[in-house]
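So you can see what is in the structure, the chains are spelled out below.
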Amino acid sequence: MRILRAKAVRKHLRFYKLIFNIKAPYHVIVDGNFIFAALKHKFDVKHRLEALLQDDVQLYILQSSLDELLSVGEKAAAAVDFARSCCELIRDNSSNQDSRTPIVQFLEGVVREGKRRYFFASQDDVLRSLVKNLPGIPTIYFNKVTLVLEAPSTASQNFTAEV
């Protein structure tokens, strides 16, 4: 990892540790798009996330994301195998009547409860923009083949001003 990028990641991690008490081992929720993109570029997700976050990482996937991968079919078979073997499954009780995505519903519940803090890794720009409205949830994505930890969102920075 380049020096300036590593320095920015340490700065962002320090912010989340001080304000939201996010500590290692880091819990990362991945979605199907993220896994599919990682396997497309042929690299080890867990190893690369550990290199980015500079500590141990535990991977999680929501049941709804796994169902989405299963519905794609044979094209996403490798992503389904990775999700089943390397990620812990989180059973989400999402209602189909709600207009929000199950991941956003789950993360809103996490923010309300405040028990465990998660990182969120996705390639979906719309989903990442929805998650940015939630304070205290760092987002990760690929820029070509480089993992990027986004800067703290305005919701997180406004939460800091309130505290």
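Because the structure is a prediction, the values reported are computed rather than measured. (Residues numbered from 1 in each chain as written. Predicted model: local features only at pLDDT ≥ 70, side-chain atom pairs only at ≥ 80, totals over all residues. Heavy atoms only, no water.)

A.B. asks: I keep staring at the packing of helix H2 (residues 32-40) against helix H5 (residues 77-86) and nothing clicks. Help me out?
C.D. replies: Packed helix pairs are characterised by how far apart their axes lie and by the angle those axes make with each other. H5 packs onto H2 with a crossing angle of 110° between their chain directions and a minimal axis gap of 9 Å. The pairing of H2 with H5 is recorded here as roughly perpendicular in orientation. Here H2 and H5 pass one another in a crossing that is right-handed. The segment H2 lies against H5, with Ile 35, Phe 36 and Leu 39 engaging Ala 78, Ala 79, Phe 82 and Ala 83. (Axes fitted to C-alpha atoms, helices over the stretch in contact; angles between N-to-C directions. Helix = DSSP H or I, 4+ residues; strand = E, 2+ residues; numbered from the N terminus. Parallel < 35°, antiparallel > 145°, perpendicular 65-115°, else oblique. Left-handed = near helix turned anticlockwise from the far one by under 90°. Contact = heavy atoms within 4.5 Å.)

A.B. asks: What is the right way to look at a positive patch on the surface in this model?
C.D. replies: A cluster of like positive charges, contributed by Lys 7, Arg 10, Lys 11 and Arg 14, occupies part of the molecular surface. Topologically, Arg 14 is positioned in helix H1 (residues 3-20). (Patch = residues over 30% accessible without salt bridge, like charges linked within 9 Å, V, L, I, M, F, W, Y side chains within 5 Å. Areas by Shrake-Rupley, 256 points an atom, 1.4 Å probe, with all protein chains shown as cover. Salt bridge = Lys/Arg side-chain N within 4 Å of Asp/Glu carboxyl O. Lys, Arg positive; Asp, Glu negative; His and termini not counted. Charge placed at Lys NZ, Arg CZ, Asp CG, Glu CD.)

A.B. asks: It is not clear to me how the sheet that holds strand E2 (residues 57-62) should be interpreted in this structure. Could you clarify?
C.D. replies: The strands making up a sheet are joined through hydrogen bonds of the backbone, oriented either antiparallel or parallel. Strand order in the open sheet made by the six strands is E3-E2-E1-E4-E5-E6, with mixed pairing throughout. Two strands in the sheet have a free side with no partner beyond their single neighbour: strand E3 (88-90) and strand E6 (146-149). Taking the axes of each pair of neighbouring strands and ignoring which way they run, one obtains an average angle of 35° across the sheet. Direction of pairing for strand E1 (residues 26-30) relative to strand E4 (residues 119-121): parallel, over a ladder of three bridges. Note that in E4 the partner of Val 30 across the bridge is Ala 121. (Pairing = 2+ DSSP bridges.)

A.B. asks: Would you mind showing me how to read the pattern of salt bridges here?
C.D. replies: When their charged atoms lie close together, side chains carrying opposite charge are able to pair. Scanning all chains against the criterion turns up three salt bridges. Lys 132 serves as the salt-bridge partner of Glu 150, at 2.8 Å between the closest nitrogen and oxygen. Within this pair, whereas Glu 150 is found in the loop between E6 and helix H8 (154-162), its partner Lys 132 is found in the loop between helix H7 (125-131) and strand E5 (139-143), the two being separated by 18 residues in sequence. Its relative accessible area of 34% is what places Lys 132 among the partly exposed residues. One salt-bridge network, held together by shared partners, links Asp 125, Arg 128, Lys 132 and Glu 150. (Buried < 20%, exposed > 50% of the residue type's maximum accessible area, 1.4 Å probe, protein only.)

Keep in mind these values describe shape, not function.
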